[in-house]
Amino acid sequence: MSASRRSGTTDELGPDEPERPGRGDDGPKTPGGAQPPVGPDGADLLAALLDGMDAALCAFDGDGVVTHWNREAERILGWSAQEAVGRRGFAGWAVREADAADIEGRLMAAMHAPGRQVHEFALLTKDGGRVLVRTQSAAVPGPDGKPAGLYCAFSEVHAQIDLERSIALSEALFDDASWGVVLVDADLRPAVVNAHAARALGTSRTALLGRPLGELLTRGAEELENALTHVLAEGAPPAPAELWVGVRTPDGEKRRCWRSGFLRLASPLAEEPVPLGVGWIFQDVTAAKQGEQEASLLRFRANQLHRAGRAAAECEDPTEAATVHLDFALAGFADHALVDRVMGDAEGAGPPRLMRVAATPSGGPGPSTLTGHAGLPLRYPDGHPALQCVARAGSVRAGSGSVPADEARAWARTRQWPEDTVHALCAVLRSRGRTLGVVTFLRGGGRTPFERSDANYAEDVAVRISSALDLADLTAQTAERGED
């Protein structure tokens, strides 16, 4: 239904206008003698525009008579255009009689006020209900420039508040949010970035826009792009995802764990959902995850020490108990392990000599085996980490560094370790104030270097191994005295 008042077959949109060329017989014609194409009538076009608006709209002439009423106004209040157009004011049908004078006075005052006037008041629906609306009113000038009427656009207050909340939320997310917010376009490039996300990525908000994610992250970009592609195709995942990434900083790469949520963004104006991109919201949980990992590692290692102690207590031979401790310590900690005993007095003159008494198989998995029955010394070169460990009576860490594979293998062979070794940790074996030897843990290239927490664990294991070896020495001495 047209949103304007009808008079005969034409809309009353303003003063009479001259007949447009091309609509009568005397109008201009095309060179071929035919009439030019007839476009849509101005009134029909205006009616279509009014009916297509998302906001309810009505208009009044200078006497306060309703001249226009669109479909959104009909949807909110239930009054059709035929019922509304032509009525004088809202009294008796769209507002209560008691409120009519105040409401119409505020509306009509907009004809003589500059700009738009915003009001809130209650209107009546056709079925007798009340709807609180927010209105924006402004004067409509006539041909002489004087106010000829006014228009009034209105919407339900709760809908307006929802819109304002959405806008306020968007602005807050991109200004003051305590988590990172990034809008990624359909090409997986950042389109909007908030301040928190820019700080997390180590650059400015404008420098991030339009850049591929691979330029922003040294690690984890593929996993992030895969998640964004999945969200574009399938929608948001049911739960947040934890992504480990590497971020470029002036101090080098930093590993971060970001707990990320994803939302597919679709245009509300399209008939069918058209993906505009993905909303990516993340929070840095690196400290919490590292704390969880460290706590889990400590629990595992404490459990291993407990299990090793119980198993070693069942060994009749103390030397076998030492290998039990070694095997339990190796799980999840290192790839290989060696136990070297000091030959003679470690505190004596000259460099100490070591002999191998136990080792894990270097060719594959398996339990530690006892060696060194011949009592031959190891040919360790000067400066070997095991010799340093004995000399210092403390732990020593060593590594091949960032060298080619051939040089790393040569570095391991020189120290008489398996060729795949790139990281080593030596812990001294001491009991009753004496240095008994060294336990060496070795890691391959697929593992991280030993850290201080690893050294603490190795020292705990070394205490148990040295106690078992010392007990073996005491048992052997007792047996010798018994034979004598």
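Heads up: the structure comes first, above all this text.
Computed from a predicted model, the values in this text were never measured in an experiment. (Residues numbered from 1 in each chain as written. Predicted model: local features only at pLDDT ≥ 70, side-chain atom pairs only at ≥ 80, totals over all residues. Heavy atoms only, no water.)

Here we come to a nonpolar patch on the surface. Side chains of W179, L263 and I281 sit close together on the surface and give an oily, nonpolar patch of about 250 Å² of accessible area. Looking at where L263 falls in the secondary structure, it is placed in strand β12 (residues 252-266). When its relative accessible area of 46% is taken as the criterion, L263 is described as partly exposed. (Patch = residues over 30% accessible without salt bridge, like charges linked within 9 Å, V, L, I, M, F, W, Y side chains within 5 Å. Areas by Shrake-Rupley, 256 points an atom, 1.4 Å probe, with all protein chains shown as cover. Salt bridge = Lys/Arg side-chain N within 4 Å of Asp/Glu carboxyl O. Helix = DSSP H or I, 4+ residues; strand = E, 2+ residues; numbered from the N terminus. Buried < 20%, exposed > 50% of the residue type's maximum accessible area, 1.4 Å probe, protein only.)

With 7 of 8 residues buried, strand β14 (residues 336-343) lies mostly within the body of the structure. Relative to strand β19 (residues 434-444), β14 runs antiparallel, the two sharing 6 bridges. Of the residues in β19, the one forming a bridge with V339 is V439. When β14 meets strand β15 (residues 353-359), the two strands line up antiparallel, connected through 6 bridges. Within the sheet, the bridge partner assigned to R341 lies in β15 and is M355. (Pairing = 2+ DSSP bridges.)

What follows covers the side chain of R443. Looking at the element boundaries, R443 is found in strand β19. In this structure R443 comes out as buried when scored by relative accessible area, which is 5%. A polar contact of 2.8 Å, which involves the side chain of R443, links it to the backbone oxygen of T448. One polar contact links the side chain of R443 to the main-chain carbonyl oxygen of P449, over a distance of 3.4 Å. With sequence-adjacent residues up to four places away left out, R443 is seen in contact with R301, F333, A334, D335, D420, T421, V422, H423, T448, P449, F450 and D454. (Polar contact = N/O pair within 3.5 Å; in protein donor to acceptor, adjacent residues only side chain to side chain. Contact = heavy atoms within 4.5 Å.)

As summarised here, the arrangement of the 5 strands in space is β4-β3-β7-β6-β5, forming an open sheet in which the pairing is antiparallel. Both edges of this open sheet fall to β4 (66-69) and β5 (117-124), since each of them pairs with a single strand only. Averaged over all neighbouring strand pairs, the angle between strand axes comes to 30°, with direction disregarded. As paired strands, strand β3 (residues 56-61) and β4 are joined by 3 bridges and run antiparallel to one another. In the strand pairing of β4, C58 is matched with W69. In this fold helix α4 (residues 97-108) packs onto β3, β5, β6 (130-141) and β7 (147-156), with an angle of close to 150° to the strand it touches most, β5. (Axes fitted to C-alpha atoms, helices over the stretch in contact; angles between N-to-C directions.)

Turning next to the packing of helix α10 (residues 286-312) against helix α11 (residues 318-330). Two elements in contact, α10 and α11, have axes whose closest approach is 9 Å; the angle formed by their N-to-C orientations is 155°. As judged from the angle between their axes, α10 and α11 are roughly antiparallel. You can see that α10 and α11 cross each other, and the crossing is right-handed. Together, Q304, R307, A308, G309, A311 and A312 of α10 and A321, V324, H325 and F328 of α11 make up the contact between the two elements. The class makeup of the residues in the contact of α10 with α11 is 6 nonpolar, 3 polar and 1 charged. (Parallel < 35°, antiparallel > 145°, perpendicular 65-115°, else oblique. Left-handed = near helix turned anticlockwise from the far one by under 90°. Nonpolar A, V, L, I, M, F, W, Y, C, P; charged D, E, K, R; others polar.)

Let us look at the nonpolar core. Counting residues in hydrophobic clusters, the biggest one holds 31 residues, and the most contacted among them are F333, V339, L429, V439, F441 and I465. Elements that contribute at least two residues to this core include exactly α10, α11, β14, β15, β18 (421-431), β19 and α14 (452-483). Dropping the residues within four chain positions of it, I465 is found in contact with A322, H325, L326, L429 and V439. Among the nonpolar cores identified, the runner-up in size contains 27 residues, and V66, L77, F90 and C152 belong to it. (Core = buried A, V, L, I, M, F, W, Y, C linked by side-chain atoms within 4.5 Å.)

One way to say it: the disulfide is the covalent bond shared by the sulfur atoms of two cysteines. Summed over all chains, the structure comprises 0 disulfides. Cysteine C152 is unpaired, with the sulfur of C58 as its nearest cysteine sulfur at 4.4 Å. The cysteine C389 is free of any disulfide, with C426 supplying the nearest cysteine sulfur at 5.6 Å. Take C389: its relative accessible area is 0%, and that puts it in the buried class. (Disulfide = S-S within 2.5 Å.)

Turning our eyes to something else, we now look at the packing of aromatic side chains. Enumeration over the complete set of coordinates arrives at 11 aromatic pairs. Look at F90 and W93: their rings are 5.7 Å apart centre to centre, the planes differ by 70°, and that puts the pair in the edge-to-face class. With a relative accessible area of 4%, W93 lands in the buried category. Relative to W417, the ring of W411 has its centre 5.6 Å away and its plane inclined at 65°; by these criteria the two rings are edge-to-face. The class for W417 is buried, based on a relative accessible area of 4%. Every member of this aromatic cluster is reached through a ring pair, and the members are F60, W69, W79, F90 and W93. Here the basic side chain of R443 rests over the ring of F333, its NZ or CZ set 5.4 Å away from the ring centre. (Phe/Tyr/Trp six-rings, centres within 6.5 Å; stacked < 30°, edge-to-face > 60°. Lys NZ or Arg CZ within 6 Å of the ring centre and 35° of its normal.)

Taken as a whole and assessed by the stated rule, the structure comprises 23 salt bridges. One salt bridge in this structure joins E242 and K289, with 3.0 Å as the shortest N-O distance. Of this pair, E242 sits in strand β11 (residues 241-249) while K289 sits in helix α10, and the two are 47 residues apart along the sequence. Residue E242 is classed as partly exposed on the basis of its relative accessible area, which comes to 35%. For the salt bridge of D284 with R256, the shortest nitrogen-to-oxygen distance reads 3.1 Å. With D284 in strand β13 (residues 275-284) and R256 in strand β12, this residue pair connects regions lying 28 residues apart in the sequence.

Quick look at the side chain of S368 now. Tracing the backbone shows S368 in the loop between β15 and β16 (369-370). Given the relative accessible area of 11%, S368 is considered buried. Reaching out from S368, the side chain makes a polar contact with the side chain of D327 at a distance of 2.4 Å. In contact with S368, other than residues within four places in its own chain, are T323, L326, D327, A359 and T360.

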